[in-house]
Every structure is written in structure tokens, then in C-alpha cells.
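# Topology and contacts: notes
For reference, the chains in residue letters:
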Amino acid sequence: MASDVRAAIAHAARHEAPRALATLTRVLGDVGAAEDAVQDALAIALRVWPERGVPDEPAAWLTTTARNRARDGWRRESRRLDKEVTAVRDRPPEPEVVLHPVADDQLRLLFTCAHPAIGPDAQLALMLRLVCGLRTDQIARSCLVPVATVSQRLVRAKRKIRDARVPFRVPDADQLPARLPVVLAAIEQVFTRGYAPVTGGEVVDVHLCDEGRRLARLLVELRPDEPEALGLLALVTLQDSRRATRADTEGRLVPLSDQDRSRWDRDAIAEGLTALDRAVSLGRPGPYQLQAIVASEHARAPSFAATRWDRIVAAYDALLAATGSPVVALNRAVAVSYGDGAAAALPLLDRLLDDRSLATSHRLAAARADVLERLGDAAGAVAAYDTAILAAPAGPERAHLEERRRRLGGR
Amino acid sequence: MTPGTPEFDAELERFARFDEFAADAVAGGEALGLPAEGVVIRPSTGSVTDGPFTESAEILGGYYVFEADDLDRALELTAAIPVGDDGVCEVRPLVGEWTPTADAPAGQQRFLALLHGVPTEADVPHSPAWDAAVDEHGRFEASYGRHVLGGAALHPAETATTVRRRDGAPQLTDGPFAETAEVVGGFYVLAARDRDEAIRVASAIPMGDGAIELRPIVDLEA
């Protein structure tokens, strides 16, 4: 097959197919049936486009072909697929009925995938498949689970959507405040998977970061006056601006304090700050906007030393008041350690030692180790690094902690 | 909660207000008697044990059957059920049409028979094993027709959504209220002269290796 046709089909799978899926779900009222039909349409494209050429409007072609597949009462038998291919191949070129996509279809799909009745793992798999157009093996690689696990999650989720009647709908205005955070969290999950993969050699998985940003942009496009959607867009864009500097040439983690700021993506920073300004101007603060404020202070600071830590601490104060989250308290303490000094932060960190949710994470121990090291307590720091290393999953973060421990002259 | 006490009356009042709120959406439902009055029957081994089904810590207190256009509406109704801060509700789609439960004949008591079993192919609607099970249950209902007032099959446990309250707001999770080896696949509402007769009838329900949890239904109209 010519490489440009192959590229067109790959592009169609990632970008056009989700749009076709959203439209078709509205038309068919069944996301599972719609997905199967779109997958079949892609398979037909693979056979027909090399001969007939890539259509002028691939999304429309996919939608129509998929709709025809679904309407003809198809089954997933390869024999029938071959017949369909022959029929499509032999059909004389004709003006095609275009199923007009409605902008809201994509939004409906987002809210369906991120429905609270669907578990977070399944939400992520659905988003990656239905909205980002990733194949099962790609999802498996990104989520670091076996392909069979992803398949099972998708099958169960689609079955649940069908049998429990999860609606394909943007929630009513009165439901939206409760439902929007779930969608935001699901999009954030897509980005975070790329930005901080749990294990594995790479520090950054660029495709997922790109997808996360694309979804955040899409949500803002579809809900332009939603401050938290703008906040999420600002947050992921500003975090992603540091992409090039988070790892060195050997794939080792480079902490924020050591990153070469001249290599931060200025366009991404501008995009993030613009989104944040728009969010703030709407006058409805929220957790994502606050996290974005923290990210914006880092983006604005010409150096680590010049960072306005007081503003970061103030943002964390508000975030802590809003969420009561121990993770926020931890991040706040780290900011205090740089703003007011390590001595001020130690009691804040020690207070968190009793928190159950932080007990299994390596981050509290890592923060304590860093603070103790800066206070000159080498023995205390080594012990804390040991705790952190034990708790951290294998990967760049743990390797970084081991290196810090080694430098202290431990065994 | 004992009938005749002020707490019981307050509970009745809360549920009466819910019934008003839910109105036409309520197609069925019952309150259950004390867990200690229940009995668990496992026909394959012949065992009959007093008390409720205890694979998980929570004990069933009652149920509603809602008619709703979609899950959002069903969850909205469920979140409003006055179960209290410790209460948990599990929402599951029924298979097929729901026929309202008939009243018990004079002189008879009503019982809920919950069917617990390890998930199998027979739980997947319209699979061959499912169709065979439907036939078996059909034969049971034909034999014991006088005693069967109603019932339904449920979609598999994976289609469940659980609703809890946290800080006054409903908290949703995907899946049944507890991860148990044996899950509820369906239920019957039975009429019987007394507990012993109810046990005899329930023991005839085709269960394979599963168990029937028999619980007396509290007649609130009395």
C-alpha cells in the first residue's frame, strides 16, 4: 500500500473515527454497536482506499460506511465483511449523504465515557479508545496492563452502558456541577499517564500528553465559559511546557530545580497562561484553576530561586481549604520549605506521617528526606530515603531517590 | 427497627415522603423484616440455616423497583432513598418487563426469596444457559403458581452501580455494593401460610449450587 494512503488511514483511525463514532452513537443510540460499526468501516477503508484513493472527507465517508454496516444488520463475520468490501468497491461513485456531526456529539461522548457509574480504570480505557482512537494494544502499553485486561475492561464497560442504560447525553444544567469534575479527572488521567508514567523506562509518554491536551482543548471548545475546563487546559499545558527538560539524555529524572528553563516550550506557556487568565476572569475559582496557578508561577519564574513561593503557598492554602487533601498538604509543605526554609516545613511534613492515604506513597518520605538533607541531618535523610525507595515503584523516580541517597554517602 | 416504636414511625414517615417524591417511578418494592428472622437455604446440600445471608457485612433491608428512562434517572431516585448515612443502595437493571407484585391471598404471609449464586453463563441474558434456566424457572412457577406473587431476573453484577452517602452527598461507584463470590441473580416474592411452608416452596427453586435467602416482608399497610 502506498505510504500516504497508509498514513491517511492511520490519521483517520486516530482523528476521524472518534468523530464518526460520536455522530453514529447519537444516530444508533448504542455506543457499543456504533464502535463496532466504525471499526468495520476502518477495515473496509483499509481494503478500498488503496484502490479508490482517499476520500475528500474521510470522516463523512467513515460515518456513512459505518451507518450502512449497522443498518444492514451486519455481524462480525469476515465473510460478510468481504461482501461489503466488494459492494463498496463495485458501487459507482455517487454523491454521498453526509451525516452532519453535531458539535455536542463529542461532548456527549466525553460525558458518557466519564460517567461516574463507570469505574476510573474503565473510564480511562473508554476515553483512550472512543475519544482518542487508540488501539487496544496501545492502551495496554500506556496503562501498563495486559492487552486482555484492557479488552475485558472495554467489553464490560460497553455492556454496562448498554444494559444499565448509561445515557448518551450532556447532563442537565443542575447535574453538570456534579458531573463535570469526573470528566475533568478522566481527561487529567489521560494526560497524567503520559506525564508521569507509573513504571517503565520513559519519564514522558508524549502521545498521551498530546491526547490529554487535545481533550482539554476540546472540552474548552465545547464549553468555553467553564472556568474549571479552562483551568484544566491551563494546568496540563503549563505542565507539558516542561516536557523537553523532565528527563536527561539518558532518561533520568531531572527535578524542577535543575531543569534548563531556556528549553521550556514558550508557546505552550503562552497558551496555558492565556487559558488561566480567561478562567480567572470568570470569577469562579476551583481546584484546577488553583493547581494551574501553581504551575503558572513555575512557568513565569526565570529561575528556581526566583520562584514566588508565597504565591504558590497561597494557592495551596486555598486548595487545601477546598479539598482537605493530604497530597495538597504535602505539596504545600514542600513549597513552604523553599519559601520559608526547610526548618519551617519539617513539622508540617511530620504531621502528615499519621495520614493513612500517604503511608503507602513514597512522596512523603521523599519530601522529608529532601528537607532533612537540606537541614544537614544526613542520618535522618538517609533513613527517609530508604523508606521512600522501598515504597517507590521501579522507574525514574526511584532511580533518582537512590542517586540522592548514594550522594549522601550511604552504603 | 421494631414496629410500634417512635423510631419505626419516623422511618415510615421518611419513606412516605420519598414515595411521594418518586411518585410514578416506583413500580414495586418492599420493606424486609429483621435479619434474624431470615433463613438461608442451599438445596444442593439440603442445608437450612437461620439468619440472613452473610457473605458481606451489609444485610438487605428492603428494595424498590423503579421505572426510569436511563441510569441517571434511576440513580437520582436511588440517591433520595432515606437509608441514612451508613446505608448503601445497589442499582441494577432488571431483565425484561416488570409485572407489579400481586397481593398475598388472605391468611398468607409474604416472603422475599433472593437468589445468590456464583456467576455463570446462565446469568448472561439470552445465552443458551440462560434460556435453559428460564425454562427451569418456568417449571418451578408452574408447579408452585399459587405461591409465586412476582419476581425478576437481574442483569449480571457488573452492570450494578452502588450509591453511598459521604458528607451528605451521594457517592457512586461502579459495581455491586460488595465483591462477593456469590451474587444476587434474581428474586421471587412468595406467599405462604407460615415460615415452614415458605422454606418448602423456596427449596424447590432451581438453584444449582446457589443459595436462597428467604426474608419475611413487612406489611406496612397493617
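Before going into details, it helps to say that this report is about the structure given with it.

About the criteria used
- Residues numbered from 1 in each chain as written.
- Chains lettered and ligands numbered in written order.
- Predicted model: local features only at pLDDT ≥ 70, side-chain atom pairs only at ≥ 80, totals over all residues.
- Heavy atoms only, no water.
- Helix = DSSP H or I, 4+ residues; strand = E, 2+ residues; numbered from the N terminus.
- Buried < 20%, exposed > 50% of the residue type's maximum accessible area, 1.4 Å probe, protein only.
- Areas by Shrake-Rupley, 256 points an atom, 1.4 Å probe, with all protein chains shown as cover.
- Core = buried A, V, L, I, M, F, W, Y, C linked by side-chain atoms within 4.5 Å.
- Contact = heavy atoms within 4.5 Å.
- Pairing = 2+ DSSP bridges.
- Axes fitted to C-alpha atoms, helices over the stretch in contact; angles between N-to-C directions.
- Parallel < 35°, antiparallel > 145°, perpendicular 65-115°, else oblique.
- Nonpolar A, V, L, I, M, F, W, Y, C, P; charged D, E, K, R; others polar.
- Phe/Tyr/Trp six-rings, centres within 6.5 Å; stacked < 30°, edge-to-face > 60°.
- Lys NZ or Arg CZ within 6 Å of the ring centre and 35° of its normal.
- Polar contact = N/O pair within 3.5 Å; in protein donor to acceptor, adjacent residues only side chain to side chain.
- Salt bridge = Lys/Arg side-chain N within 4 Å of Asp/Glu carboxyl O.
- Disulfide = S-S within 2.5 Å.
- Expected span 1.5 Å × (residues − 1).

For the rest of this paragraph, the subject is the overall build of chain A. Summing up its helical and strand segments, chain A has 20 helices and zero strands in all. Looking at chain A as a whole, 50% of its 411 residues qualify as buried. Carbon and sulfur atoms provide 52% of the accessible area of chain A, an area that totals close to 19,300 Å².

Our next topic: the nonpolar core. With 136 residues, the main nonpolar core has Leu109(A), Leu110(A), Met127(A), Leu128(A), Leu215(A) and Leu219(A) as its most contacted residues. Excluding anything up to four places from it in sequence, Met127(A) contacts Leu110(A), Cys113(A), Cys132(A), Ala186(A), Ile187(A), Val190(A) and Leu215(A).

All right, on to the environment of Ala37(A) then. Residue and element names in this part refer to chain A. Within the secondary structure, alanine 37 is located in helix α2 (residues 31-52). You can call alanine 37 buried: its relative accessible area is 0%. In sequence terms alanine 37 and proline 302 are 265 residues apart; their C-alpha atoms lie 52 Å from each other.

It is worth spelling out the sheet that holds strand β9 (residues 169-174) of chain B at this point. All names here are of chain B. A sheet is described by the order of its strands in space; here three strands give the open sequence β5-β8-β9, paired in antiparallel fashion. What marks the edges here is a single partner per strand, and that holds for β5 (88-91) and β9. On average, each strand axis in the sheet is inclined to that of its neighbour by 30 degrees, with strand direction left out of account. Note: strand β8 (residues 161-166) against β9, six bridges, orientation antiparallel.

Okay, the packing of helix α6 (residues 120-131) of chain A against helix α8 (residues 147-163) of chain A next. Residues and elements named next belong to chain A. Where α6 contacts α8, the axes come no closer than 9 Å and their chain directions differ by 95 degrees. When the interaxial angle is binned, α6 and α8 end up roughly perpendicular. Note on element contacts: α8 touches α6 through Arg153, Leu154, Ala157, Lys158 and Ile161, opposite Asp121, Ala122, Ala125, Leu126 and Arg129. Looking at the contact of α6 with α8 residue by residue, the class counts come to six nonpolar, no polar and four charged.

Glancing now at the packing of aromatic side chains. This structure, assessed with the given rule, holds 13 aromatic pairs over all chains. Centre to centre, the rings of Phe15(B) and Tyr64(B) are 6.5 Å apart; their planes meet at 20 degrees, and the pair counts as stacked. With Phe15(B) in helix α1 (residues 6-22) and Tyr64(B) in strand β4 (residues 62-66), the pair connects residues that are 49 residues apart, well separated along the chain. With a relative accessible area of 22%, Phe15(B) lands in the partly exposed category. Every member of this aromatic cluster is reached through a ring pair, and the members are Phe15(B), Phe18(B), Phe21(B), Tyr64(B) and Phe66(B). Between the NZ or CZ atom of Arg242(A) and the centre of the ring of Trp264(A), over which it lies, the distance is 5.9 Å.

Residues and elements named next belong to chain B. With respect to the helices and strands, the residue serine 127 is situated in the loop between β6 (109-117) and α3 (128-143). At 2.9 Å, the side chain of serine 127 and the backbone oxygen of glutamate 121 are in polar contact. A polar atom in the side chain of serine 127 sits 2.8 Å from the backbone oxygen of valine 124.

With that out of the way, let us pick up the environment of Arg165(A). Following the sequence through the fold, Arg165(A) ends up in the loop between α8 and α9 (176-195). Sequence separation of Arg165(A) and Asp30(A) is 135 residues, and the distance between their C-alpha atoms is 9.4 Å.

Residues and elements named next belong to chain A. Here the structure, examined in full by the defined rule, presents 47 salt bridges over all chains. Where arginine 69 meets aspartate 40, a salt bridge forms, and the shortest distance between an N and an O atom there is 3.0 Å. Taken together, the residues span a long stretch of sequence, with arginine 69 in helix α3 (residues 58-71) and aspartate 40 in helix α2 at a distance of 29 residues. For arginine 69, a relative accessible area of 3% puts it in the buried group.

So, about the state of the cysteines. Residues and elements named next belong to chain A. Tallied over the entire structure, the rule returns zero disulfides over all chains. Considering cysteine sulfurs only, cysteine 113 is the nearest to cysteine 132, which forms no disulfide, with 8.9 Å between them. A relative accessible area of 0% places cysteine 132 in the buried class. Cysteine 209 takes part in no disulfide bond, and the closest cysteine sulfur, belonging to cysteine 132, lies 12 Å away. On the accessibility criterion, cysteine 209 (0% relative accessible area) is buried.

What follows is about α3(A). Residues and elements named next belong to chain A. Helix length check: α3 (14 residues) gives 20 Å between terminal C-alpha atoms against 20 Å at 1.5 Å per residue, within 8%. Burial within α3 is extensive, with twelve of its 14 residues counted as buried. Those residues of α3 lying buried are Pro58, Ala60, Trp61, Leu62, Thr63, Thr64, Thr65, Ala66, Arg67, Asn68, Arg69 and Ala70.

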